[in-house]
Structure formats: C-alpha cells, structure tokens
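Descriptive structure summary
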Amino acid sequence: MNFKTPAMIATLTLAASASFASGDNNLQDDYLDSQSHAKALSAQLETMGVDTNPNVEFNSPTTLSQKVDAYEDKIDTLQSQYNEHSTY
C-alpha cells in the first residue's frame, strides 16, 4: 500500500459522510417545511370558519421520513378541506 491510498480512503470517507449529512438536512428541511405548510393551511381554514388541527400525533417512535409522509397526508387532507370551502 502506498502513502496515497490511506489519504484517498480518508477523503472518500469524508465525502460520503458529508453526503449523508446533507441528505439528513434535506429530510429535516422537508419535515419542517411540511409542518409549516400544514400550519399555514390550517390557519387559512380557521379564517374561513373551519375548525382544524395542523398537528400530527405520533404514538410510537417514528423516523423522520415517516413524519414527513404523515405531514404530507395531513397537508392533502387540509387542502381537500380548503378546496371544499373555498369559493372561486
């Protein structure tokens, strides 16, 4: 093994770690964005006189990906309610 091999392995390991870390940040951003979107839709519905709850309750340990999916479902439900009550 020459001296360049350990340096190359270290560089590849750091690059892979950075890639996974940025992926987690994107998932975290997606989660926070979906939470905000649900709250904004709920607030809009409240101004229209529709009682809503933008929160999603998790009764068991849930991955961040599952939380994003749950909030996406909540957004779909809130969007449907908005569509039913909005006048074009």
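Structure's up top.
To start, this report covers the structure provided alongside it. (Residues numbered from 1 in each chain as written. Predicted model: local features only at pLDDT ≥ 70, side-chain atom pairs only at ≥ 80, totals over all residues. Heavy atoms only, no water.)

**Side note on the overall build of the protein**
- Each helix and strand counted, the protein has 2 helices and 0 strands in total.
- Put simply, the protein has 88 residues, and 19% of those count as buried.
- Long-range contacts, defined as pairs at least 24 residues apart, comprise 64% of the intrachain contacts of the protein with a sequence gap of at least 6.
- Entry remark: accessible area of the protein is about 6,500 Å², with carbon and sulfur atoms responsible for 54%. (Helix = DSSP H or I, 4+ residues; strand = E, 2+ residues; numbered from the N terminus. Buried < 20%, exposed > 50% of the residue type's maximum accessible area, 1.4 Å probe, protein only. Contact = heavy atoms within 4.5 Å. Areas by Shrake-Rupley, 256 points an atom, 1.4 Å probe, with all protein chains shown as cover.)

**With respect to the packing of aromatic side chains**
- Under the definition given, this model contains 2 aromatic pairs.
- Arranged with centres 5.9 Å apart and planes meeting at 75 degrees, the rings of Tyr31 and Tyr71 form a pair that is edge-to-face. You can see Tyr31 sitting in helix 1 (residues 4–47) and its partner Tyr71 sitting in helix 2 (residues 64–85), a full 40 residues away along the chain.
- Summarising the aromatic geometry, the rings of Phe58 and Tyr71 are spaced 6.4 Å apart at their centres and angled 55 degrees between planes, so their arrangement reads as tilted. Residue Phe58 is found in the loop between helix 1 and helix 2, and its partner Tyr71 is found in helix 2; the two are separated by 13 residues along the sequence.
- On the basis of relative accessibility, which here comes to 4%, the residue Tyr71 falls in the buried class.
- Members of the aromatic cluster, connected to one another through ring pairs, are Tyr31, Phe58 and Tyr71.
- Here the basic side chain of Lys67 rests over the ring of Phe58, its NZ or CZ set 5.6 Å away from the ring centre. (Phe/Tyr/Trp six-rings, centres within 6.5 Å; stacked < 30°, edge-to-face > 60°. Lys NZ or Arg CZ within 6 Å of the ring centre and 35° of its normal.)

**A short note on the nonpolar core**
- Of all hydrophobic cores here, the largest spans 11 residues; its members are Tyr31, Ala38, Leu41, Leu45, Val50, Val56, Val68, Ala70, Tyr71, Ile75 and Leu78.
- Top contributing element to this core by residue count: helix 2, with 5 residues.
- When residues no more than four places from it in sequence are discounted, the contact partners of Ala38 are Pro54, Tyr71, Lys74, Ile75 and Leu78. (Core = buried A, V, L, I, M, F, W, Y, C linked by side-chain atoms within 4.5 Å.)

Shape descriptors only; they carry no functional weight alone.
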